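Residue-level listing of the chains:
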2 protein chains.
Amino acid sequence: MPAQKSYIEEIAQKARAVSYEISSRGTGEKNALLNSIADELSENHDLILEANKKDVFALNAEKGKAFLDRLKLDDKRIEAMVTTIRDIAAQPDPIGSGNWINKRPNGLKIMKIRIPIGVVAIIYESRPNVTSDIAAMTLKTGNSVILRGGKESIHTNCAIVGLIHDAMKKNNFPEDSVQFIEKTDYEHAAELLKQSNCIDVVIPRGGEKLIKFVEEHSKIPVIKHDKGICHIYVDEIADKVKAENITINAKVQKPSVCNAAETLLIHKKYPHAKSLIQALLDKEVEVVGDAGVLQMFKALKPATEEDWFTEYLDLKISVKMVDGVGEAINHINRYGSHHSDAIVSECYDNIQLFLDRVDSAAVYANASTRFTDGGEFGLGAEVGISTQKIHVRGPMGLEGLTTEKWVVYGDGQVRE
Amino acid sequence: MPAQKSYIEEIAQKARAVSYEISSRGTGEKNALLNSIADELSENHDLILEANKKDVFALNAEKGKAFLDRLKLDDKRIEAMVTTIRDIAAQPDPIGSGNWINKRPNGLKIMKIRIPIGVVAIIYESRPNVTSDIAAMTLKTGNSVILRGGKESIHTNCAIVGLIHDAMKKNNFPEDSVQFIEKTDYEHAAELLKQSNCIDVVIPRGGEKLIKFVEEHSKIPVIKHDKGICHIYVDEIADKVKAENITINAKVQKPSVCNAAETLLIHKKYPHAKSLIQALLDKEVEVVGDAGVLQMFKALKPATEEDWFTEYLDLKISVKMVDGVGEAINHINRYGSHHSDAIVSECYDNIQLFLDRVDSAAVYANASTRFTDGGEFGLGAEVGISTQKIHVRGPMGLEGLTTEKWVVYGDGQVRE
């Protein structure tokens, strides 16, 4: 008698079992399904809002206002989810495409074809739109997906997945290709990370603790969406208005996101350093600085070594005076998280050096780091922002959910 | 006082330190270096052969003839290494290229540029040509590399790396961008796998034990080059000559390599099953089979469940009679290693189904699996054959040693 399967094993094996069938569904079928899911969500606001109320009611007050804001839904937010699903339906389908075909001297016809990865697991936190965004993106790319959301949004997520399943039934898609893990403790997550026979890739999307947990426990290849310690470097010759606008935008416009700035580096000879820092203070940003900054603003707290490594995700910034673009580049490569970094400068050579040498997913000349985003880059919906170097770097769109296969047509060729 | 760095930490940190400088070297400079390395190797056969003699002399006789064959060099083999380096110099440089440029409505100019990964570590076994192949490929793509070869080829590898360093000195390249680990025990390898701050990717290339060790210990993203359990499926309507030629070629021509066949699946109604199996026996291949095979050949041993999972790398094959292409596909996806699998058939629909549904890096219609190789595919030199789905799948050429970066040119844009 075979050993009984665990809850997680059963989910993983079901996902694998349907993955080969789901992988060859046509674009028309998949788009019809996505629009049907969008209809279900749009027609059932009440059902989603009711479930969401339960989550909001159960939320520990200690989690804070920002957390509550990420969790809480309203009609407008549900319609934004619906719009994202319809946008994904309207995007081109990468599956089956390719641009490498080669006929070899021996007559073999070899081509490289884009195909689904297979089974994708995603471990995320409280925002319920991730559930519908990721389900839509994985269905569009012919993958099976295992969703493991945070415990705080369990009722909302179950309601959304229920509606997705309703649409799948109507459209003759196997429900096992979108599965949701209802047991949200860390033990079950750790078990999920061991299912390397059935799961091809795991995507952790969330805070530092979650990412570390996944890196520590996963036997499955990981595409991580880690923190953003983003920098603005203001060069000696920089436009005063651009420097101030970009710095304020990168820090203040939405401080809770990964592409917001955490550190400001200013050239020692930049003539408007004081007014730039004052502009941050005027926006109620807490500033910690190195010795050079404290000379100008005696009341500020000094930045510690730890500060340069810190993602505040809040109205706080660390500021350092540097000797030039070389020191700025070295600081960013050492302390940054290789996410998004910007130079504000009018000097062509310094800009080119910065763009070449800063080792980050996105590097900017004279623009805010806040643009690192699939939508802003023109890629459509995104799984998240990958902070690793292999497979996909920066905004991860539909193509990031695919892999390739070499297909060879022969007529009896053998190797000499 | 800072803690003293270990041997491995020092190597990893040196590799990281030069990586940003090396990443922006021009194609002309890099090609000149490669040709200079080729010259050094070509002019110093004696030095390499003398070191190789020491390794051959020290080799434990228990390792066997195949192992000795992989280790032992002669003039012809050294010249083959030289030719590979010159071929890599002649290949196009992927660095700095791209095909995605987008001007956004807000005026941002966004482009995705191919860049070096940064620091690559490779852990491999006894074949000394891997040392020069990988050094040349990583230098061509602007990466720093840390080479950790097997202990059996230590003298040969040190001699080759010495010659590479001579050429680097002459060409004004920092020697730290090609480093070789002389301590070949597993403890130092395990320490290497922890240097995720300094190393961007690790590539294990070798036997099952090595791959498992790396997967178990690595805190660095892994691109594995694992075993090949490759299948030939002979369909009901298959050409007798093609079926025999392809099966014999895939099993017999070079049984010690990962793209050789390990399992033969034959449709129950294929009329020439008996003569196909006899052809293998005539080539002195040991055949183990399922009940259907044993009915035809009563003296053969039965294949165990374990056999279907086994990479023999030898003149041995497991054979199974199947009901049709569906059973063949399911068997391959369950027991295979997702490397290379072939169908021999004259039936268009079965071929398309097989090519679509078999989840392997390379799938073949009417050709031998032995073609899975960078050179045979027309890609030039290869790091190896990746058996994982993310980043690169199948033959890993120069592009597999690169990643991408988003470069954004603005004129003061901020996010609304």
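In this text, all values refer to a predicted model and were calculated from it rather than measured experimentally. (Residues numbered from 1 in each chain as written. Chains lettered and ligands numbered in written order. Predicted model: local features only at pLDDT ≥ 70, side-chain atom pairs only at ≥ 80, totals over all residues.)

K.L.:
Just to check I follow, could you spell out the overall build of chain A for this structure?
P.N.:
Of the regular secondary structure elements, chain A holds 16 helices and 16 strands. Taken against the 2.2 N^0.38 rule, which gives 22 Å for 416 residues, the C-alpha radius of gyration of chain A at 24 Å falls within 12% of a compact globule. Taking the principal axes of its C-alpha atoms as reference, chain A extends roughly 75 × 65 × 40 Å. When each of the 416 residues of chain A is scored for burial, the buried share is 52%. Across chain A, every contact between residues at least 6 apart in sequence was considered, and the portion connecting residues at least 24 apart equals 72%. (Helix = DSSP H or I, 4+ residues; strand = E, 2+ residues; numbered from the N terminus. Rg over C-alpha atoms; globule rule 2.2 N^0.38 Å. Buried ≥ 20, exposed ≤ 12 C-beta atoms within 10 Å, placed from the backbone. Contact = placed C-beta atoms within 7 Å.)

K.L.:
Would you mind going over the sheet that holds strand β3 (residues 119-124) of chain A with me for this structure?
P.N.:
Through backbone hydrogen bonds, the strands of a sheet pair up, either in parallel or in antiparallel fashion. Residues and elements named next belong to chain A. Ordered in space as β5-β4-β3-β6, the 4 strands form an open sheet in which the pairing is parallel. Of all the strands in the sheet, just β5 (178-180) and β6 (201-205) have a single pairing partner and so form its edges. On average, adjacent strands in this sheet sit at an angle of 20° to one another, irrespective of strand direction. Of the pairings in the sheet, the one linking β3 to strand β4 (residues 144-148) comprises 5 bridges and is parallel in character. Bridge pairing in β4 links Val119 to Ser144. Each of β3 and β6 is contacted by helix α9 (residues 208-217), which is oriented at about 160° to β6, the strand it contacts most. (Pairing = 2+ DSSP bridges. Axes fitted to C-alpha atoms, helices over the stretch in contact; angles between N-to-C directions.)

K.L.:
Can you walk me through the relation of the copies chain A and chain B in this structure?
P.N.:
The operation relating the pair of chain copies consists of a rotation about an axis and a translation along that axis. Superposition record for chain A on chain B: RMSD 0.1 Å, screw rotation 180°, translation along axis 0.0 Å. In symmetry terms, the pair is related by a two-fold rotation axis. Taking C-alpha positions as the reference, the residue of chain A nearest the rotation axis is His391(A), at 1.8 Å. In this assembly, 100% of the residues forming the interface of chain A have copies in chain B that are likewise at the interface, indicating an isologous arrangement. (Least-squares fit on C-alpha atoms with pLDDT ≥ 70 in both.)

K.L.:
Looking at this model, I keep getting lost on unusual backbone geometry. Mind explaining?
P.N.:
Glycine aside, negative phi is the norm for most residues, and most peptide bonds take the trans geometry. Here Glu284(B), not a glycine, exhibits a phi torsion of approximately 65°, which is positive. Along the chain, Glu284(B) turns up in the loop between α11 (273-282) and β9 (286-289).

K.L.:
Please clarify how the nonpolar core should be interpreted in this entry.
P.N.:
Within soluble globular proteins, side chains that are nonpolar tend to cluster in buried spots. Of all hydrophobic cores here, the largest spans 130 residues; its most connected members are Val202(A), Ile146(B) and Val202(B). Excluding its chain neighbours within four sequence positions, the residues that come into contact with Val202(B) are Ala121(B), Ile123(B), Leu193(B), Val214(B), Ser218(B), Ile220(B) and Val222(B). Residues Ile229(A), Cys258(A), Ile277(A) and Phe377(A) belong to the second largest nonpolar core, which totals 56 residues. (Core = buried A, V, L, I, M, F, W, Y, C linked by C-beta atoms within 7 Å.)

K.L.:
It is not clear to me how the pairing of strand β9 (residues 286-289) of chain A should be interpreted in this structure. Could you clarify?
P.N.:
Look at any regular strand and the pattern is simple: side chains alternate between the two faces of the sheet. Residue and element names in this part refer to chain A. Where β9 and strand β11 (residues 316-322) come together, 4 bridges link them in parallel fashion. Pairing of Gly289 across the sheet is with Val319, part of β11. Pairing geometry for β9 and strand β10 (residues 301-302), over 2 bridges, is parallel. Within the sheet, the bridge partner assigned to Gly289 lies in β10 and is Pro302.

K.L.:
Help me out: how do you make sense of the environment of Glu286(A) in this one?
P.N.:
Residue and element names in this part refer to chain A. Of note, Glu286 is situated in strand β9. Residue Glu286 is classed as partly exposed on the basis of its C-beta count, with 14 C-beta atoms lying within 10 Å. For the pair Glu286 and Thr304, spaced 18 residues apart in sequence, the C-alpha to C-alpha distance is 14 Å. Those residues in contact with Glu286 that lie beyond four places of it in its chain are Leu315 and Lys316.

K.L.:
Just to check I follow, could you spell out the domain arrangement of chain A for this structure?
P.N.:
Many analyses report the size of an interface as the accessible area lost when the parts associate. All names here are of chain A. By domain assignment, chain A separates into domain 1 (7-225 + 383-409) and domain 2 (230-376). Computed over C-alpha atoms, the centres of domain 1 and domain 2 are 34 Å apart. Counting residues at the interface gives 8 residues for domain 1 and 10 residues for domain 2. When contributions to the side of domain 1 that touches domain 2 are tallied by element, the ones reaching two or more residues are β14 (384-386) and β15 (394-396). Per-class residue counts for the side of domain 1 that touches domain 2 are 3 nonpolar, 4 polar and 1 charged. (Domains from an automatic or database assignment. Nonpolar A, V, L, I, M, F, W, Y, C, P; charged D, E, K, R; others polar.)

K.L.:
Explanation requested: the packing of helix α10 (residues 240-252) of chain B against α11(B) in the structure shown.
P.N.:
What describes two packed helices is the angle between their axes and the distance between those same axes. Residue and element names in this part refer to chain B. At a minimum axis separation of 10 Å, α10 and α11 run at an interaxial angle of 35°. As α10 packs across α11, the resulting crossing turns out to be right-handed. Of the residues in α11, those touching α10 at Ala243, Glu244, Thr247, Ile248 and Lys251 are Leu276, Ala279 and Leu280. For the contact of α10 with α11, a count of residues per class yields 5 nonpolar, 1 polar and 2 charged. (Left-handed = near helix turned anticlockwise from the far one by under 90°.)

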